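# Coordinate analysis (summary)
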Amino acid sequence: MGSSVFARLVLLCVLLATFTSIVSARPKSDVPSRLLIKRIEALLTKEFHPNRPGGVVLIAHRDKVLFRGAYGLADLELGVPMRPDAVFRIGSITKQFTAVAILKLVAEGKLGLNDDVRTYNPELPYSVTIEQVLTHTSGLPNLVDLNDFENLARRDYRVDELLALTKNEKLHFTPGSGFKYSDTGYILLGAIVERASGLSYSDYLESKIFRPLGMSSSYYGDDRRVVPRRASGYSFAGEQVLNASYLNMSVPHSAGGLVSTVDDLLRWDIALRSGAVVRKDLLDRAWSTRTLPDGSHSGYGFGWKMCEFEGRRTIEHGGWINGFSAKAIRLPDDDLNVIVLVNNDSDRPDAGLIARRLAKLVLTGSDQFDQYHLTVGQRQLLVGQYVLSRDVSVTISEHDGSLYYQRGSDRRERLIALSPTKLSFAKGDRTFLFNFERDKLRMTLSCEPAGVATRVVPGSR
């Protein structure tokens, strides 16, 4: 055999091995195997109790549904089983619809991303741009942080009254210099949509987005409206299931007031990527994270989070609102969508964690997360007390060979290591990461900056 022939055979083997490794990291077919379906069902059956609040799960590859299932109960008092087309409150997943409404108005020449918000709401004391509000880099205060928010949230509001709740609060930082998630900011964007379009926020979405796209089960979540197949919302107090605390649905407005289904949310994502909703250049901008002045990344675009999971890019957002939680995650390089809607707000189960475990199961055949085993010396380098702000401290402690995180007097949470300097919560939720940099503890939540704490007291065993 000639040397050139041998060399070509070696090259062919290398290419085949590379191709095999790439293919094995993706779903092998649009038709899932029986084994994969069994594993998905086993995971979800374990997470959802048949006689408790439940949820709906949809997994799609190349825009074709691989799995769609409903679990638990939609209404405990009436004993109504959950169904795959159930309608849920989607909480902050609403923000991407608000962002796209803004972009549609930009495309029509009715708005500019660099416009001062006071152009449309002159009564506001803040000089910030629409883009800064979209990206949570405006420094705007958040009405949910008000001390009496739970009581405030029980009454009906006009949008100007909602904005007035934080009108006298100071900005968190100079606009553009940092990142701080603000529901008030997205309520402000909804008010701008109304001013620029001449329609109410609800009417704008229904006439310009929902109906044109065939999203027949998506609405503004007005409690007075009769919505077929709407699931009831619940909370847990220990093992006791309770009806969710009352929230007047005028309050979440354009920051979290929508209801939808897993099918409509998939239809929405497909329509966006097809160019049927907004121009590609504007959508690319919405799906791009921002670099902050200190060089860090915000992990946020316009109504979406840009994150990483198992070395893969994600475009995602979660939702939490009284009685409900949600997660919609897309892995663009794998053309995979996972959508999880749950009708309880107590992370039982955790919609975001389920979505990630399902994505990992589809891509790798296993939903288990690898972890790094720290030595005694490595653990000792991390323990201690860290100051996050003037009033908040964080403690990293060691007990029986495991590390624990505790913020102030909150409940202690066990951590697992992903590397010698990167940890996450032990339950497998890698959306909350702890990165240790010498005597600094940098925290991120779903790739968003969540604070930097400085160690002031080294720990001891």
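The residue count restarts for each chain, going from 1 along the sequence in the order it is written. Since the coordinates come from a predicted model, pLDDT governs what is reported: local features require at least 70, and pairs of side-chain atoms require 80 or more to be given and counted, while whole-chain, interface and lining totals use all residues. Think of the side-chain values as coming from all heavy atoms in the structure, minus any hydrogens and water.

## Thoughts on the sheet that holds strand 15 (residues 393-399)
What counts is decided by this rule: The criterion for strand pairing is that DSSP finds at least two bridges linking the strands in question. By the criteria applied, helices consist of DSSP H or I runs no shorter than four residues and strands consist of E runs no shorter than two, each listed in order from the N terminus. Axis lines are fitted through C-alpha atoms, for helices just across the contact stretch, and the angle between N-to-C directions can take any value from 0 to 180 degrees.
The 8 strands are arranged 14-15-16-17-18-19-20-21 in a closed barrel whose pairing can be described as antiparallel. Sheet twist, expressed as the mean angle between neighbouring strand axes with direction ignored, is 30°. With 4 bridges joining them, strand 14 (residues 384-387) and strand 21 (residues 448-458) adopt antiparallel strand pairing. Residue Val387 lies in a different strand from strand 21, and its bridge partner there is Thr454.

## Points about the nonpolar core
Where we set the bar: Remark: nonpolar core denotes a set of buried residues (Ala, Val, Leu, Ile, Met, Phe, Trp, Tyr, Cys) joined through side-chain atoms within 4.5 Å. Each residue gets one of three labels from its accessible area relative to the maximum for its type: buried under 20%, exposed over 50%, partly exposed in between, using a 1.4 Å probe on protein chains only. For this analysis, residues touch if any pair of their heavy atoms sits within 4.5 Å.
In terms of nonpolar packing, the biggest core is built from 84 residues, with Phe97, Ile102, Ile130 and Trp268 touching the most fellow members. When sequence neighbours within four positions are dropped, the list of residues in contact with Ile102 reads Leu111, Leu113, Ile130, Leu134, Leu189, Ile192 and Val193.

## A few points about the packing of helix 3 (residues 94-107) against helix 7 (residues 183-197)
For clarity, the threshold we go by: Two helices cross in a left-handed way if the nearer one is turned anticlockwise from the farther one by less than a right angle. They cross in a right-handed way if the turn is clockwise. Each residue gets one label: Ala, Val, Leu, Ile, Met, Phe, Trp, Tyr, Cys and Pro are nonpolar, Asp, Glu, Lys and Arg are charged, and the others, such as Gly, are polar.
Taken N-terminus to C-terminus, the directions of helix 3 and helix 7 make an angle of 35°; their axes are 10 Å apart at the nearest point. Relative to helix 7, the crossing made by helix 3 is left-handed. Packed against helix 3, whose contacting residues are Lys95, Thr98, Ala99, Ala101, Ile102 and Leu105, the element helix 7 presents Asp183, Tyr186, Leu189, Gly190, Ile192, Val193, Ala196 and Ser197 at the interface. Here the residues of the contact of helix 3 with helix 7 are counted per class, giving 9 nonpolar, 3 polar and 2 charged.

## Brief notes about the pairing of strand 16 (residues 402-407)
Here strand 15 runs beside strand 16; their pairing, made up of 6 bridges, is antiparallel. Residue pairing for strand 16: Ile396 is matched across the bridge by Tyr405. Alignment of strand 16 against strand 17 (residues 413-417), held across 2 bridges, turns out to be antiparallel. Note on strand 17: the bridge partner recorded for Tyr404 is Arg414. Between strand 16 and strand 17, which pair antiparallel and follow one another directly, the connecting turn spans 5 residues, one of which, Gly408, has a positive phi of 55°.

## Comments concerning unusual backbone geometry
A cis amide bond links Arg348 to the next residue, Pro349, at an omega of 5°. Within the chain, Asp63 stands out as a residue other than glycine whose phi angle is a positive 70°. Looking at where Asp63 falls in the secondary structure, it is placed in the loop between strand 1 (55-61) and strand 2 (64-71). In this structure, Asp347 is a non-glycine residue whose phi angle is positive, near 55°. Looking at the element boundaries, Asp347 is found in the loop between strand 13 (336-342) and helix 12 (351-364).

## Structural notes on helix 2 (residues 34-47)
To keep it simple, the criterion reads: Take the number of residues in a helix, subtract one, and multiply by 1.5 Å to get its expected span. Read the arc as the range of directions from the helix axis to the C-beta atoms.
Here helix 2 is 14 residues long and its end C-alpha atoms lie 20 Å apart, about the 20 Å a rise of 1.5 Å per residue gives. Along helix 2, the residues classified as buried are Leu36, Ile37, Ile40, Leu43 and Leu44. Summarising the axial view, the buried residues of helix 2 lie within an arc of 130°, below the 170-degree limit, and thus occupy one face. Away from the buried face of helix 2 by more than 90 degrees, exposed residues Arg34, Lys38, Thr45 and Lys46 are located.

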